[in-house]
Amino acid sequence: MTELGRVIPLRFDMSEMVRRSVATLYSHLVTRPTGQALRMGIEAQIAELGTMCLTVLDFSEVAVLDYSCADEVVAKLIKRFQREDRPVEAYFMARGIENRHQEAIDVVLGRQGLAITAELADGRVTLLGEASASELAAWNGLDALGRAAPEQVAEATRSPQAEINRALESLARRRVVARVDIPRTYFALRPLAAGSLSRS
Amino acid sequence: MKVITVPGTLDDRSFEQLASSLPPAQGERVLVDARRVRWVDPYGMLGLLALGQVLGDRAGPRERPRLQLPDSTEVVSYMGRMGFYNRAAALYEMHGAPRKQAEGTSDVLLEITPVTSHVDVHQIVDRVNERALTILTRQLLYPLNEAFQFSVMLSELCQNIIEHAGASGWVATQTYNWARRLGRKVVSIAVMDLGVGFHGSLGGEHAARYGERWSDASALQAAFIHGVTRFQDPGRGQGLQQIRRQTRRWDGWIAIRSGTARIADVPTWSDGTPLEEGLAPFPGTQISIILPSRVVDQGDPGRPEEGA
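Residues numbered from 1 in each chain as written. Chains lettered and ligands numbered in written order. Predicted model: local features only at pLDDT ≥ 70, side-chain atom pairs only at ≥ 80, totals over all residues. Heavy atoms only, no water.

> I'd like a description of the packing of aromatic side chains, backed by residues and values.
All names here are of chain B. For the structure shown, the criterion picks out 8 aromatic pairs over all chains. When the ring of Tyr210 is compared with that of Trp214, the centres are 5.1 Å apart and the planes differ by 55 degrees; the resulting orientation is tilted. Taking relative accessible area as the criterion, Trp214 reaches 12% and is therefore assigned buried. When the ring centre of Trp178 is taken as origin, the NZ or CZ atom of Arg181, which lies over that ring, is 4.1 Å away. A cation over a ring is seen here: Arg244 above Phe224, with NZ or CZ 4.3 Å from the ring centre. (Phe/Tyr/Trp six-rings, centres within 6.5 Å; stacked < 30°, edge-to-face > 60°. Buried < 20%, exposed > 50% of the residue type's maximum accessible area, 1.4 Å probe, protein only. Lys NZ or Arg CZ within 6 Å of the ring centre and 35° of its normal.)

Rendered as structure tokens:
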């Protein structure tokens, strides 16, 4: 069976992290320097791992998240690992997303053509940021299947194969889904994070 | 001695009288006469501080302007609760200011607070968040999830000073009952700095493209309407856009004055003007936001429960 290989899970409690690495007295995720410091801390830990990882950014304990900080810590982090010179293969998920976080993340990602898989505080999973209709259909189909070949996603979503192929490729390039090439298989991040795939 | 008379009501509208009283060049000492003031809001108080700083910068430290405080003990006391005298002491020679700063009370959402660095922004959000949530949900009837956006607005507003003004500034917010003007409670936010203004901040990057049309008004329009910023980074320039969006969502008023122009999003309850040009020149940027309480129908599921 096609496997993605060893994916190291990394979880960052963003509220704890801001207290630990930025300013001991402050607990809110506001200002660009705060976001920069958080991002650099996360990047350093990912690089230190030196292997493929799925990074969960946990906002459960974050009360206030402003746009500037969201841009620095979420958008720029994703952009860094979209680049060809990324230190390792890394994928990102947001967790514990309340309404008060959702808009900031959605706006900063959407403005720059980025996206992230987000587990909402009520347990639902959604895609925040920019996604075309076919990307959204492909992402939903793949999320339901867990992992699948493009043909399976096309069948599940009842979409034209060529359209699904393009959408899945785009999602993989944008680090919203993971991919192995032989044979071509895509992995949704939520089940990957839950560990369900690594046990199969 | 030149005398600048402060109008009886001191807010964003009457601030224009102060700005137009500013002498083009300062050859003599200035007395700012606030004795007639009967009503002042955060914008008005920050306006007085800004005026004092401009006059002081022109005259030098030995010739600080004099401030004659309001005759109204109520106004004097309120200005004390807002922390006005702490800030004004460095800018004005004052007589009759209360020696001891009055304690802040529940009607003060955020006392006049200097904004000089990102650390100040953290402190402001830490200080105001809980209080703002209580006031916005209980008095303005905003849903809790939306009320968090108030701290986000404040954070972005203050960061604009640090990132763009090239100078420090102040922020203050306060709740009012606008019984006669609107028949509702409002929260008023004022933010001011004496930096380079929108024209100065954006000029290096965008003035050439505008040519002769480049002005205070066109700079404000570029930033306010089109989200233009001096940074190449596509992640920049969204703070102001989101502040506008949230203000509109709450049926609020936002106006930004910079240099000789003022631009605003005007809600239906206001008779304000979207764009004013040819105002008296005043350095920096002055922002006014008014957020009215939500009009809630009985039985509205979004209505917070009593005592929530």
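Still to come is the rest of the account.
> I'd like a rundown of the confidence of the model for chain A, residues and numbers included.
Residue and element names in this part refer to chain A. Looking at chain A, the pLDDT average stands at 89 and 91% of residues meet or exceed 70. Mean pLDDT per element in chain A: helix H1 (residues 14-21) is the minimum at 69, and helix H6 (residues 150-157) is the maximum at 97. Considering only residues more than four positions removed or in separate chains, one finds that residues 196-200, a stretch of pLDDT under 50, has 10 contacts. (pLDDT = per-residue confidence, 0-100. Helix = DSSP H or I, 4+ residues; strand = E, 2+ residues; numbered from the N terminus. Contact = heavy atoms within 4.5 Å.)

> Can you break down the interface of chain B and chain A residue by residue, with the values?
Listed by partner, the interface residues are 28 residues for chain B and 25 residues for chain A. Roughly 2400 Å² is buried in total at the junction of chain B and chain A, and carbon and sulfur atoms are behind 51% of that figure. Of all residues in chain B, His122, Asp126 and Gln238 of chain B give up the largest surface area on contact with chain A, accounting jointly for 25% of the area buried on that side. The shortest N-O distance in the salt bridge between Lys76 of chain A and Asp233 of chain B comes to 2.8 Å. Put simply, chain B and chain A have 15 residue pairs in polar contact (both at pLDDT 80 or more) between them. Of all the secondary-structure elements, those providing two or more residues to the side of chain B that touches chain A are helix H5 (118-138), helix H6 (144-165) and helix H9 (238-249) of chain B. Sort the elements by how many residues they give to the side of chain B that touches chain A and H6 of chain B lands first, with 9 residues. Residue composition of the side of chain B that touches chain A, grouped by class: 6 nonpolar, 15 polar and 7 charged. (Buried area = accessible area lost by both parts, 1.4 Å probe. Salt bridge = Lys/Arg side-chain N within 4 Å of Asp/Glu carboxyl O. Polar contact = N/O pair within 3.5 Å; in protein donor to acceptor, adjacent residues only side chain to side chain. Nonpolar A, V, L, I, M, F, W, Y, C, P; charged D, E, K, R; others polar.)

> Describe helix H4 (residues 99-111) of chain A, listing the residues and the values that go with them.
Helix length check: H4 of chain A, at 13 residues, gives a terminal C-alpha distance of 18 Å against a target of 18 Å (1.5 Å per residue), a fit within 8%. Here the buried face of H4 of chain A lies against helix H3 (67-82), strand E3 (90-97), strand E4 (115-120) and strand E5 (125-129) of chain A together with H6 and H9 of chain B. (Expected span 1.5 Å × (residues − 1).)

> Could you give an account of H5 of chain B, with specific residues and numbers?
The end-to-end C-alpha distance of H5 of chain B is 30 Å, a good match for the 30 Å that 21 residues give at a rise of 1.5 Å each. At Val128 of chain B, H5 of chain B shows its strongest bend, of approximately 40 degrees. (Bend = angle between axes of the 7 residues up to and from the residue.)

> Hey, could you go over the sheet that holds strand E8 (residues 185-188) of chain A for me, with residue numbers and the actual values?
Residues and elements named next belong to chain A. A sheet is described by the order of its strands in space; here 3 strands give the open sequence E6-E8-E7, paired in antiparallel fashion. The open sheet is flanked by strand E6 (147-148) and strand E7 (177-180), the only strands paired with a single partner. Pairing of E7 with E8 involves 4 bridges; the strand directions are antiparallel. Paired with Ala178 across the bridge in E8 is Phe187. The strands touched by helix H7 (residues 161-173) are E7 and E8; relative to E7, the strand with the most contacts, the crossing angle is about 105 degrees. (Pairing = 2+ DSSP bridges. Axes fitted to C-alpha atoms, helices over the stretch in contact; angles between N-to-C directions.)

> So what about the pattern of salt bridges? Which residues, and what values?
For the structure shown, the criterion picks out 35 salt bridges over all chains. A salt bridge links Glu63 of chain B to Arg29 of chain B; its shortest N-O distance comes to 3.6 Å. Of this pair, Glu63 of chain B sits in the loop between helix H2 (42-59) and strand E5 (66-68) while Arg29 of chain B sits in the loop between helix H1 (15-21) and strand E3 (30-33); the two residues are 34 residues apart in sequence, bridging distant segments of the chain. Of the residues examined, Arg29 of chain B reaches a relative accessible area of 24% and is grouped as partly exposed. One network of salt bridges, in which partners are shared, links Arg32, Arg39, Glu43, Asp71, Glu72 and Lys76 of chain A together with Asp233 of chain B.

> Describe the sheet that holds E5 of chain B, with residues and values.
Residue and element names in this part refer to chain B. Spatially, the 4 strands line up as an open sheet ordered E1-E3-E5-E6, and their pairing is parallel. Whereas interior strands pair on both sides, the edge strands pair on one side only; in this sheet they are strand E1 (2-5) and strand E6 (93-95). Strand-to-strand twist of the sheet, defined as the mean angle between neighbouring strand axes without regard to direction, takes the value 25 degrees. In this structure, E3 lies alongside E5, joined through 3 bridges in parallel fashion. Looking across to E5, one finds that Val32 is bridged to Leu67. Strand contacts of H2: E1 and E3, with the helix running at about 175 degrees to E3, the strand carrying the most contacts.

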